[in-house]
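Reading the structure
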Amino acid sequence: MKTSVTDAALLSVAPMMDWTDRHCRVFHRLMSRRALLYTEMVTAPAIIHGDRPRLLDFDAAEHPLALQIGGSDPADLAQATRIAGDWGYDEINLNVGCPSDRVQSGCFGAVLMKTPDLVADCVARMIEVSPVEVTVKCRIGVDDQIPEDVLPAFLARMRAAGIRRIAIHARKAWLQGLSPKENRDIPPLDYPLVHRMKQEFPDLHLSVNGGVGSLDQVRDHLQAMDGVMVGRAAYHQPWDILGRADSLWGDAPPFGTPDQVAHAMRPYIARHLAAGGRLHQITRHMLGLFHGLPGARGWKRTLSEGASKGGIEVYDAALRQVTQLAA
């Protein structure tokens, strides 16, 4: 069943640098036919000047799929959006939430919360040239900003610029004094504020992001929000989040057990190896598949120790660690 991108945004897997690459997304798609997947952030200059096939190619099985772009120059973002339009993504998303140092130095990411008019110019230019919907992912504020004032004003500005769907990370970003990793944990979550934004902007499709660690939490947030975006929990405990995710749409899950998912990944892994790829390029995303289940430690140890040098025999040995205990 084909899922529209807005429908898919009921549950999405957040864009995560160095994690949500094409192999990770193929793995996640096996577990959920419905959830919206995001690429890692790709900067507009990289799309304009870089190796486009390497940066933008994806497997058709990954749909529905959104490309996240980073940048702050309206002309560059428009050009990158126009280029990316030929690749067939279902959505183009502008990053207004990443707090990393390299993002700040390029004047994009969370620091753009300080310049909503610039963001509005950027998205307006992107919308003009995009064949698909343009969306925004933001924070509730940065540094000394007061989220209760900043966030509603930011959402109103985005709406006026033509944006209709926004994912809100329910934490402030401290651009000075906290590392990117600390910015994912230390600033307190303010879910009530994000929930109130849905009440204030009923015409916008709003998703909440940040700190969501279970499918039960997803269901709780959906009582107030249009969508939920899950990050690290979907990566580190993929079966717990995605293995039953399609029930949110009233569908049966594609697989009944995580070992079935592991078996289903084997042909993809074999093709990757036959094409000259490395096992760890895929299995590094799969270490948490059996999180909390018998054999999980052996699965993770076998892949962690052997995948950098071994082939399919290492994967099969890891799979035996869990299937023998489950038998």
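Anyway, here's the lowdown on the structure attached to this text. (Residues numbered from 1 in each chain as written. Predicted model: local features only at pLDDT ≥ 70, side-chain atom pairs only at ≥ 80, totals over all residues. Heavy atoms only, no water.)

**A look at the side chain of T39**
Along the chain, the position of T39 falls in strand β2 (residues 36-43). Among the polar contacts made by the side chain of T39, one reaches the main-chain amide nitrogen of Q68 at a distance of 3.1 Å. If we skip the residues at most four places from it in the chain, T39 touches P15, M16, T20, R25, L65, A66, L67, Q68 and Y89. (Helix = DSSP H or I, 4+ residues; strand = E, 2+ residues; numbered from the N terminus. Polar contact = N/O pair within 3.5 Å; in protein donor to acceptor, adjacent residues only side chain to side chain. Contact = heavy atoms within 4.5 Å.)

**Looking at the environment of P187**
Mapped onto the elements, P187 comes out in the loop between α9 (180-183) and α10 (191-200). Under the relative-accessibility criterion, P187 is labelled buried at 3%. Considered as a pair, P187 and W174 are 13 residues apart in the sequence and their alpha carbons are 7.8 Å apart. (Buried < 20%, exposed > 50% of the residue type's maximum accessible area, 1.4 Å probe, protein only.)

**Quick word on the packing of aromatic side chains**
If you walk through the whole model with that rule in mind, you get four aromatic pairs. The interplanar angle of 15° and the centroid separation of 4.3 Å between the aromatic rings of W19 and Y235 together place this pair among those described as stacked. Note that W19 is positioned in the loop between β1 (11-13) and α2 (22-31) and Y235 in helix α12 (residues 232-236), a separation of 216 residues in sequence. For W19, a relative accessible area of 24% gives the class partly exposed. Aromatic side chains W299 and Y315 sit 5.7 Å apart centroid to centroid with 70° between the ring planes, which places their arrangement in the edge-to-face category. With W299 in helix α16 (residues 296-306) and Y315 in helix α17 (residues 312-326), this residue pair connects regions lying 16 residues apart in the sequence. Take W299: its relative accessible area is 0%, and that puts it in the buried class. (Phe/Tyr/Trp six-rings, centres within 6.5 Å; stacked < 30°, edge-to-face > 60°.)

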